[in-house]
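Working through the structure, step by step
Given next are the chains, with one letter for each unit.
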Amino acid sequence: MLTVFIHCFIIIFIYTGIWFAAAVYKKRNDIADIAWGIGYIIICGYLFFCYPATPVSRLLFLLVTAWGVRLSLHIYTRNKNKTEDFRYRAWREAWGRSFYIRSYLQVFLLQGLFLIIIISPVIHAALVAPATWNIFTWAGLFCWLVGFYFQAVADWQLSVFIRHKKTPGTIMQTGLWKYSRHPNYFGEILMWWAIFIITIPLPNSIFFIIGPLTISLLIVFVSGVPMLEKKYKGNPAFEAYKKRTSVLIPMPPRKL
């Protein structure tokens, strides 16, 4: 199994290097967000063609590929004809002379390492997944579909809101966003926990809980929720929205 992980790391090492070169040429590091989903698809393709697939592993490849295609297309469409994302632009300004080396190490290569960790339950399943579906397969599939709904619908609702927004500083507070400040992130986390649920019956699966744990911690404490909410800190509309709306798990708004 270690050999498979090494092969996957080599693939992603080359892959992130190509995208880093493209980022230098385009002068925008936010293309790393487009590369994120595609990287998972490439790993699934490698596993599918190089190792015997079972119905369960095929399902995992399909789910990850569907997630990756939708997410990458969404980010590409969102960023098209716009300036570099504010998070990457801030790093560009802060890193100064060390911008290129830090971009490669802290954006592209680090992202590749996280990718391997997060997809590790799928890599594990590619080698030992059972030939038939079981109750964990069905439970995981159900959770994944719920997560996909939240992420896809929330992203669509937000894109429509931004496209028609007329007053700067207004905050999305309708649809799924009425019940969670980050329903798309909730969907993302749920989908990766669903992937892990499908792999629970596999031997030594508990070690690969690091996959969903990693994406959960990144979104909740590092690059997801904190960075976005920092952008709106001090905005009166957001502060009021924040007081009555759950940060992640969808819940009825609190009455103030």
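Look up: the structure comes first, before these words.
Residues numbered from 1 in each chain as written. Predicted model: local features only at pLDDT ≥ 70, side-chain atom pairs only at ≥ 80, totals over all residues. Heavy atoms only, no water.

A look at the overall build of the protein chain
Worth spelling out the cut-off: Each helix is a run of DSSP H or I of at least 4 residues and each strand a run of E of at least 2, with the numbering of both proceeding from the N terminus. Our radius of gyration looks at C-alpha atoms and nothing else; its globule reference is 2.2 Å times the residue count to the power 0.38. Here, two residues are considered to be in contact whenever any of their heavy atoms come within 4.5 Å of each other. Where accessible areas are quoted, they stem from the Shrake-Rupley method and a 1.4 Å probe; at the residue level, only the protein chains shown are allowed to cover.
Each helix and strand in the protein chain was counted, giving eleven helices and zero strands. In the protein chain, the order of α-helices and β-strands from amino to carboxyl end is α-α-α-α-α-α-α-α-α-α-α. Rg of the C-alpha trace for the protein chain: 19 Å, near the compact-globule value of 18 Å for 256 residues, within the 12% margin. Oriented by its inertia axes, the alpha-carbon framework of the protein chain measures out at about 55 × 50 × 25 Å. Put simply, of all contacts in the protein chain between residues at least 6 apart along the chain, 79% involve residues at least 24 apart. About 13,500 Å² of surface is accessible on the protein chain, with carbon and sulfur atoms providing 71% of the total.

Remarks on the layout of surface pockets
Using the following cut-off: Cavities and pockets are found on a 1 Å grid laid over the protein atoms alone: a cavity is a set of points where a 1.4 Å probe fits but cannot escape, a pocket is an open set with protein on both sides within 12 Å along at least five of seven lines, and a lining residue has an atom within 4 Å of such a point. Grid points are joined across faces, edges and corners, and a volume is the space filled by probe spheres set on the points. Charged means Asp, Glu, Lys or Arg here, nonpolar means Ala, Val, Leu, Ile, Met, Phe, Trp, Tyr, Cys or Pro, and polar covers whatever is left, Gly included.
Reported here for the second largest pocket is a volume of approximately 160 Å³. Broken down by secondary-structure element, the contributors of at least two residues to the lining of the second largest pocket are α2 (31–50) and α3 (55–79). By residue class, the composition of the lining of the second largest pocket is three nonpolar, two polar and four charged.

With respect to the packing of α2 against α3
Rule in force here: Fitting a line to C-alpha atoms yields each axis, with helices limited to the stretch in contact; the angle taken between N-to-C directions then spans 0 to 180 degrees. Working rule for angles: under 35 degrees goes down as roughly parallel, over 145 as roughly antiparallel, 65 to 115 as roughly perpendicular, anything else as oblique. Here a crossing is taken to be left-handed if its near helix is turned anticlockwise relative to the far helix by less than a right angle, and right-handed if that turn runs clockwise.
Viewed as axis vectors pointing N to C, α2 and α3 meet at an angle of 155°, and their least axial separation amounts to 8 Å. Our classification of the angle between α2 and α3 gives roughly antiparallel. Between α2 and α3 lies a crossing of left-handed hand. Residue-level contacts link D33, I34, W36, G37, I38, Y40, I41, C44, L47 and F48 of α2 to R58, F61, V64, T65, W67, G68, V69, L71, S72, I75, Y76 and R78 of α3. Tallied by class, the residues present in the contact of α2 with α3 amount to 15 nonpolar, four polar and three charged.

Describing unusual backbone geometry
Its identity as a non-glycine residue notwithstanding, N81 has a phi of 65°, on the positive side. Looking at the element boundaries, N81 is found in the loop between α3 and α4 (86–95). The backbone phi angle of N204 is positive, close to 65°, even though this residue is not glycine. Here N204 shows up in the loop between α8 (183–199) and α9 (210–222).

Describing a nonpolar patch on the surface
What counts here: To count toward a patch, a residue needs a relative accessible area over 30% and no salt bridge; like charges are then connected within 9 Å, while nonpolar side chains (Val, Leu, Ile, Met, Phe, Trp, Tyr) are connected within 5 Å. Salt bridges, as used here, are contacts in which a Lys or Arg side-chain nitrogen is within 4 Å of a carboxyl oxygen on Asp or Glu.
A grouping of L2, I6, F9, I10, F13, I14, I18, L110 and L113 is seen on the molecular surface, where their side chains present a nonpolar patch of about 820 Å² in accessible area. Elements represented by at least two residues in the nonpolar patch include exactly α1 (2–26) and α5 (99–118). Looking at the nonpolar patch, the element that brings in the most residues is α1, giving seven residues. By the element assignment, I14 lies in helix α1.

Considerations on the packing of α2 against helix α6 (residues 120–128)
Across the interface, α2 lies against α6 with an axial gap of 10 Å and an inter-helix angle of 10°. As summarised for this structure, α2 and α6 are arranged roughly parallel, according to the angle between their axes. Residues I43, C44 and L47 of α2 form the contact with α6, whose own contacting residues are V122, I123 and A126. For the contact of α2 with α6, a count of residues per class yields six nonpolar, no polar and no charged.

Structural notes on the environment of L158
Along the polypeptide, L158 turns up in helix α7 (residues 135–164). Put simply, L158 and Q173 are 15 residues apart on the chain and 9.4 Å apart in space, counted from C-alpha to C-alpha. In contact with L158, not counting residues within four places along its chain, are M172 and W177.

Focus on the pattern of salt bridges
So the rule is basically this: Burial status follows relative accessibility: with a 1.4 Å probe on protein chains alone, a residue under 20% of its type maximum counts as buried, one over 50% as exposed, and anything between as partly exposed.
Overall, the coordinates contain six salt bridges when judged by the stated rule. Ionic pairing is found between D33 and R87, a salt bridge with its closest N-O pair at 3.8 Å. Residue D33 is found in helix α2, and its partner R87 is found in helix α4; the two are separated by 54 residues along the sequence. In terms of burial, D33 and R87 fall into one category: buried. Across the pair D85 and R87 runs a salt bridge, and its minimum N-O distance is 2.9 Å. Exposure remark for D85: the relative accessible area of 14% places this residue in the buried category. Several salt bridges converge on common partners, so that one network encompasses D33, D85 and R87.

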